[in-house]
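What follows is the residue order along each chain.
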Amino acid sequence: MCSSDLLPAPIGANCGVWREAYEKVGGFDNSFRGAAAEETDLFWRLQLAGYRLGYAPAAVVAYRHRPTLRAMLRQWRGYGRGRAHLAARYQALGLLPAESWRDAASTSGWLAVHLVDCVRGPVRRVNYLRTLAHVIGQAEGSREAGVLHIRRNPRPGTVHRPPGVPGEVDTAAPGYAH
């Protein structure tokens, strides 16, 4: 989950939604191509509609990771593309601040400095390549959506909670949205 300064959003592969709530907000938005921030959009729309997120500690989720590095990088590139489309949608609603070229330059600088991680072992190489794929996706998505969203990490407080939307996760709730 995101910090309390953000609208929380669980990872879509690790959550459930009551059918009534899902249908009321229109479900997943198919304009997001592939695995590309559509679950964040869904959970933000649920909260904007007044639903609360809950935590079910007894829930069990089976998740299969991508079998190859190439498949994982394609997935993270899609995540980046989706985040740019998400930024465009929620900037237009006034819930996300516009990003600057300084953010893009800082990200480019980080990528240049950390390029050496590719020779510092397989874990560092994979983490660097995953970040690079995500940033490439952000650049592609920024071009497609007409926004600037190139950032290695989201900054705290980037989503401004609208009035009446709770910021905490309700750990006593029996389901994610009710």
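No experiment lies behind these values; they were computed from the predicted model shown.

1. Describing the overall build of the chain
Working step 1: Helix and strand counts for the chain stand at five helices and zero strands.
Working step 2: Order of helices (α) and strands (β) in the chain, N terminus to C terminus: α-α-α-α-α.
Working step 3: Residues classed as buried in the chain amount to 39% of the 178 residues present.
Working step 4: The contacts in the chain between residues at least 6 apart in sequence include a share of 76% that link residues at least 24 apart.
Working step 5: Carbon and sulfur atoms provide 56% of the accessible area of the chain, an area that totals close to 10400 Å².

2. Regarding the nonpolar core
One broad trend across soluble globular proteins is that nonpolar side chains are buried collectively.
Working step 1: In terms of nonpolar packing, the biggest core is built from 17 residues, with Val25, Phe43, Trp44, Leu46, Tyr51, Leu86 and Tyr90 touching the most fellow members.
Working step 2: Elements with a contribution of two residues or more to this core: α2 (38-48) and α3 (69-92).
Working step 3: Examining the composition of this core, we find that four residues originate from one element, α2, more than from any other.
Working step 4: Judged by nonpolar contacts, the second largest core, of seven residues, contains Ala104, Cys118, Tyr128 and Ile150.

3. Looking at the pattern of salt bridges
Working step 1: Going through the model one piece at a time under the given rule, you end up with 10 salt bridges.
Working step 2: Of the charged contacts in the structure, one is a salt bridge between glutamate 99 and arginine 151, with a shortest N-O distance of 3.5 Å. Placement of the pair is glutamate 99 in the loop between α3 and α4 (101-113) and arginine 151 in the segment after α5 (122-145), with a sequence separation of 52 residues.
Working step 3: Judged by its relative accessible area of 14%, arginine 151 falls in the buried class.
Working step 4: One salt bridge in this structure joins aspartate 117 and arginine 120, with 3.5 Å as the shortest N-O distance.
Working step 5: When salt bridges with common partners are traced through the structure, they connect Asp29, Asp41, Arg45 and Arg89 into a single cluster.

4. Observations concerning the packing of α4 against α5
Working step 1: Viewed as axis vectors pointing N to C, α4 and α5 meet at an angle of 150 degrees, and their least axial separation amounts to 11 Å. Taken together, the axes of α4 and α5 lie roughly antiparallel to each other. Note that α4 runs across α5; the crossing there is left-handed. Listed contacts from α5 to Thr107, Trp110 and Leu111 of α4 are Tyr128, Thr131, Leu132 and Val135.
Working step 2: Split by residue class, the contact of α4 with α5 holds five nonpolar, two polar and no charged.

5. Side note on the confidence of the model for the chain
Working step 1: Per-chain confidence: the chain averages 81 in pLDDT, with 81% of residues scoring 70 or above.
Working step 2: Within the model, the stretch residues 1-5 combines pLDDT values under 50 with 14 contacts to residues more than four positions away or in other chains.
Working step 3: Across residues 155-178, confidence stays below pLDDT 50; counting only partners more than four residues off in sequence or on other chains, it has 71 contacts.

So, how was this worked out
- Just so you know, the residues in each chain are numbered from 1, in the order the chain's sequence is written.
- Per-residue local features of the predicted model are confined to residues with pLDDT of at least 70, and side-chain atom pairs are confined, for both listing and counting, to 80 or more; whole-chain, interface and lining totals are unaffected and use all residues.
- Side-chain metrics rest on all non-hydrogen atoms present in the structure, leaving aside hydrogens and water.
- Helix and strand assignments follow DSSP, with helices taken as H or I runs no shorter than four residues and strands as E runs no shorter than two, numbered in order from the N terminus.
- Each residue gets one of three labels from its accessible area relative to the maximum for its type: buried under 20%, exposed over 50%, partly exposed in between, using a 1.4 Å probe on protein chains only.
- Contact between two residues is taken to exist if any of their heavy atoms lie within 4.5 Å; hydrogens are not considered.
- Only the protein chains shown count as cover for residues, and the accessible areas themselves come from Shrake-Rupley with a 1.4 Å probe.
- Here the nonpolar core consists of buried residues drawn from Ala, Val, Leu, Ile, Met, Phe, Trp, Tyr and Cys, with membership extended through side-chain atoms lying within 4.5 Å.
- We define a salt bridge as a contact between a side-chain nitrogen of Lys or Arg and a carboxyl oxygen of Asp or Glu at a distance within 4 Å.
- Geometry is summarised by axes, namely lines fitted to C-alpha atoms with helices restricted to the contacting stretch, and by angles between N-to-C directions that run from 0 to 180 degrees.
- Note on angle classes: values under 35 degrees are labelled roughly parallel, values over 145 roughly antiparallel, values of 65 to 115 roughly perpendicular, and the remainder oblique.
- Two helices crossing with the near one rotated counterclockwise from the far one by less than a right angle form a left-handed crossing, whereas a clockwise rotation gives a right-handed crossing.
- In this count, Pro and Cys sit with the nonpolar residues alongside Ala, Val, Leu, Ile, Met, Phe, Trp and Tyr, while Asp, Glu, Lys and Arg are called charged and the others, Gly among them, polar.
- Predictor confidence is given residue by residue as pLDDT, running from a minimum of 0 to a maximum of 100.

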